[in-house]
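# Chain and residue survey
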Amino acid sequence: MADDPQYPPTIELDGARLRPLRMADTAALYAYLNNPAVTELTSYPEVTIALAEAIIERSLSRWAAGELSKWGVALQHDDQLVGTCGFNEHSQAHRWAELAYDLAQPHWGKGLMRNAVAVLLERVFQQELLNRVQAFVRIDNRRSQGLLERCRFVREGCLKSYRVCRGQPHDFYIYGLLRSDWEAAQQAIGAEETRR
């Protein structure tokens, strides 16, 4: 990666920023993940302080190992953590990563996560860090499916009983986006803006 992997860059968004997670974010992460509305359609286990700490520790250790990982989504005016966005799994050899995100409920529907996902896709595809980004979404999580589709991901299939979510097996859709398809979409957008 072009940046020092131990210190992922802070990326400014409109009204928010993507920044490295830190252990001081534990209470904020726990607070919004502890809202059942945030986690009910995900594969998160029971939310505890220990889980929040483990998420942050895993992100920090993966960056330190030179792997892509998660950023915190924080508000610009007070740097308060309101979400995470980034990559759960990453294969350098095969140049793919699994996108994952979560967001505190008061910030839903404002375009914040869509903006964060778009910025991360631009980053990893323009720097040619990845050829493919994929995401796994429960088939009843329509909000997340809509976000991925607005970001030009394609639903590639349904994985039956793919993950056990708090004791119950659930079906998941797999979504994928190839760098070549992302680049073609960006060129089409550029051509459309030129015609205006």
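Described in the following lines is the structure provided in the data block.

## Remarks on the packing of aromatic side chains
Per the stated rule, a full pass over the model turns up four aromatic pairs. Centroid distance Phe125 to Trp182: 5.6 Å. Interplanar angle 45°. Geometry classified as tilted. Taken together, the residues Phe125 in helix α4 (residues 112-126) and Trp182 in helix α6 (residues 179-195) connect sequence positions 57 residues apart. For the residue pair Phe125 and Trp182, the accessibility class agrees, reading buried in each case.

## A look at the nonpolar core
Leu18, Cys85 and Leu99 are the most contacted members of the largest nonpolar core, which totals 52 residues. At nine residues, α4 tops the list of elements feeding residues into this core. Aside from chain neighbours lying at most four places away, what touches Leu99 is Cys85, Gly86, Phe87, Val117, Val133, Gln134, Ala135, Leu148 and Phe153.

## Describing the state of the cysteines
Evaluated as defined, the whole model comprises zero disulfides. No disulfide involves Cys85; its sulfur sits 8.9 Å from that of Cys151, the nearest cysteine. As a non-bridged cysteine, Cys165 has Cys158 as the owner of its nearest cysteine sulfur, 13 Å distant. For Cys165, a relative accessible area of 3% puts it in the buried group.

## Some remarks on the environment of Gly176
Its location among the elements puts Gly176 in strand β8 (residues 168-178). Distance from Gly176 to Glu149, taken between C-alpha atoms, is 9.9 Å for residues 27 residues apart in sequence. Once residues lying within four places of it in the same chain are set aside, the contact partners of Gly176 are Arg132, Val133, Gln134, Phe153, Val154 and Glu156.

## Details of the sheet that holds strand β4 (residues 81-91)
A sheet is described by the order of its strands in space; here eight strands give the open sequence β1-β2-β3-β4-β5-β6-β8-β7, paired in mixed fashion. What marks the edges here is a single partner per strand, and that holds for β1 (11-12) and β7 (154-165). Pairing analysis gives seven bridges linking strand β6 (residues 132-138) to β8, with the strands arranged antiparallel. Looking at the pairing, Gln134 lines up with Gly176 of β8. Packing against the sheet, α4 makes contact with β1, β2 (16-20), β3 (70-75), β4, β5 (96-103), β6 and β8, and its axis sits at approximately 35° to β4. Together, β5, β6, β7 and β8 form the strand contacts of helix α5 (residues 142-150), whose direction differs from that of β6 by roughly 160°.

## A short note on the pairing of β7
Note that β7 and β8 share eight bridges and pair antiparallel. Pairing of Cys165 across the sheet is with Gln168, part of β8.

## What to know about unusual backbone geometry
Not every positive phi belongs to a glycine, and Ser161 is a case in point at roughly 45°. Along the chain, Ser161 falls in strand β7. On the accessibility criterion, Ser161 (47% relative accessible area) is partly exposed. With phi around 50°, Arg166 is a residue other than glycine that occupies positive phi space.

## Points about α6
Between the first and last C-alpha of α6 there are 24 Å, a value that for 17 residues agrees with the 24 Å anticipated at 1.5 Å per step. For α6, the complete set of buried residues consists of Arg179, Trp182 and Ala185. Each buried residue of α6 sits inside an arc of 125° when the element is viewed along its axis, so together they form one side. Those residues of α6 that are exposed and aimed more than 90 degrees away from the buried face are Gln187, Thr194 and Arg195.

## Overview of α4
Working note: α-helix, 3.6 residues per turn, so residues spaced by three or four point in the same direction. With 15 residues, α4 ought to run about 21 Å at 1.5 Å a step, and its terminal C-alpha atoms sit 21 Å apart, in line with that. Listed in full, the buried residues belonging to α4 are Leu112, Met113, Ala116, Val117, Val119, Leu120, Leu121, Arg123, Val124 and Phe125. Once α4 finishes, Glu128 follows within two positions and takes phi at roughly 55°, a positive value.

Reading guide: rules and limits
- Residues numbered from 1 in each chain as written.
- Predicted model: local features only at pLDDT ≥ 70, side-chain atom pairs only at ≥ 80, totals over all residues.
- Heavy atoms only, no water.
- Phe/Tyr/Trp six-rings, centres within 6.5 Å; stacked < 30°, edge-to-face > 60°.
- Helix = DSSP H or I, 4+ residues; strand = E, 2+ residues; numbered from the N terminus.
- Buried < 20%, exposed > 50% of the residue type's maximum accessible area, 1.4 Å probe, protein only.
- Core = buried A, V, L, I, M, F, W, Y, C linked by side-chain atoms within 4.5 Å.
- Contact = heavy atoms within 4.5 Å.
- Disulfide = S-S within 2.5 Å.
- Pairing = 2+ DSSP bridges.
- Axes fitted to C-alpha atoms, helices over the stretch in contact; angles between N-to-C directions.
- Expected span 1.5 Å × (residues − 1).
- Arc of directions from axis to C-beta.

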